[in-house]
Amino acid sequence: MRARLIKEFRFEAAQTLPNLPEGHKCRQMHGHSFKVEITVEGEVDEAVGWIYDHACITEAMRPLLELLDHSYLNEIDGLENPTIENMAAWFWRKLEAPCAGLCEIVI
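Predicted model, so just to flag it, every value in this text is computed and none were measured.

Participant: It is not clear to me how the overall build of the protein chain should be interpreted in this structure. Could you clarify?
Facilitator: Of the regular secondary structure elements, the protein chain holds two helices and four strands. Going from N to C terminus, the protein chain has its helices and strands arranged as β-β-α-β-α-β. Considering only C-alpha atoms, the protein chain reaches an extent of 55 × 25 × 20 Å along its principal axes. Per-residue burial over the protein chain gives 36% buried out of 107 residues. Looking at the protein chain alone, contacts between residues at least 24 apart form 64% of all its contacts between residues at least 6 apart. In the protein chain, the 10 positive side-chain charges and the 18 negative ones have mean positions that sit 4 Å from each other.

Participant: How should I be thinking about the sheet that holds strand β1 (residues 2-15) in this particular structure?
Facilitator: Strands in a sheet are paired, the pairing made by backbone hydrogen bonds, and the direction either parallel or antiparallel. Across the sheet, four strands lie side by side as β3-β1-β2-β4; this open sheet has mixed pairing. Sheet topology places β3 (71-72) and β4 (102-106) at the edges, where each strand pairs with a single neighbour. Sheet analysis places strand β2 (residues 30-43) next to β4, joined by four bridges and oriented antiparallel. Bridge assignment links Thr39 to a residue of β4, and that residue is Glu104. Across the sheet, helix α1 (residues 54-68) touches β1, β2 and β3, and the angle it forms with β1 is around 15°.

Participant: Got a minute to help me understand the pairing of β2 in this structure?
Facilitator: Each regular strand displays side chains that alternate between the two surfaces of the sheet. Bridge count for β1 against β2 is 14 bridges, and the pairing is antiparallel. Across the sheet, Leu5 pairs through a bridge with Val40, a residue of β2.

Participant: Honestly, the side chain of Ser71 in this entry has me stumped. Any pointers?
Facilitator: Structurally, Ser71 is set in strand β3. Beyond its immediate stretch of four places on either side in the chain, Ser71 contacts Glu12, Ala13, Ala14 and Ile76.

Participant: When you look at the packing of aromatic side chains in this model, what are you seeing that I'm missing?
Facilitator: Where two aromatic rings form a pair, the distance of their centres and the angle of their planes describe that pair. Within the structure shown, the criterion is met by three aromatic pairs. One aromatic cluster is present, built from ring pairs that chain together Phe11, Phe34, Trp90 and Phe91.

Participant: Explain the environment of Val44 here, please?
Facilitator: Relative to the helices and strands, Val44 resides in the loop between β2 and α1. Residues Val44 and Arg2, spaced 42 residues apart in sequence, show a C-alpha to C-alpha distance of 5.9 Å. The residues touching Val44, leaving out its near neighbours within four places in the chain, are Met1, Ala3, Gly49, Trp50 and Ile51.

Participant: Whenever I open this one, the pattern of salt bridges confuses me. Can you help?
Facilitator: Here the idea is simple: oppositely charged side chains can pair when their charged atoms come close. Taken as a whole and assessed by the stated rule, the structure comprises nine salt bridges. Between Arg2 and Glu43 there is a salt bridge, and its shortest N-O distance comes to 3.4 Å. Note that Arg2 is positioned in strand β1 and Glu43 in strand β2, a separation of 41 residues in sequence. Glu41 serves as the salt-bridge partner of Arg4, at 3.2 Å between the closest nitrogen and oxygen.

Participant: Just checking my understanding: could you explain the nonpolar core for this structure?
Facilitator: Across soluble globular proteins, nonpolar side chains have a tendency to be buried as a group. Ranked by internal contacts, the top residues of the largest apolar core, which has 25 residues, are Phe11, Ile38, Ile57, Met61, Leu73, Phe91 and Leu95. For this core, the elements supplying multiple residues, two or more each, are β1, β2, α1, α2 (84-95) and β4. Discounting chain neighbours no more than four positions away, the residues touching Leu95 are Ile38, Ala60, Met61, Leu64 and Leu102.

Rules and cut-offs
Residues numbered from 1 in each chain as written. Predicted model: local features only at pLDDT ≥ 70, side-chain atom pairs only at ≥ 80, totals over all residues. Heavy atoms only, no water. Helix = DSSP H or I, 4+ residues; strand = E, 2+ residues; numbered from the N terminus. Buried < 20%, exposed > 50% of the residue type's maximum accessible area, 1.4 Å probe, protein only. Contact = heavy atoms within 4.5 Å. Lys, Arg positive; Asp, Glu negative; His and termini not counted. Charge placed at Lys NZ, Arg CZ, Asp CG, Glu CD. Pairing = 2+ DSSP bridges. Axes fitted to C-alpha atoms, helices over the stretch in contact; angles between N-to-C directions. Phe/Tyr/Trp six-rings, centres within 6.5 Å; stacked < 30°, edge-to-face > 60°. Salt bridge = Lys/Arg side-chain N within 4 Å of Asp/Glu carboxyl O. Core = buried A, V, L, I, M, F, W, Y, C linked by side-chain atoms within 4.5 Å.

See below:
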């Protein structure tokens, strides 16, 4: 049987979106309470009863959350223009290797 596992994380951060037109309110510094859902998918190991150890996702996310929480996102390599879409791609690049079966990131 195939199944999906979704694990949720939260962090607070400030950002600006420098590529938006002059006068757009999001060009100015502002903050958000971010929620990130990491989803992995795979076959359920019948002996263990799960597809993936939740702790592995937490371990992969720990250094990322330490970097992001209460930060200015634009100062982080790869997040110079931290739109939600760019953030999802950034998370994907960081989590693809340690999180086998990664299939979705929702922010």
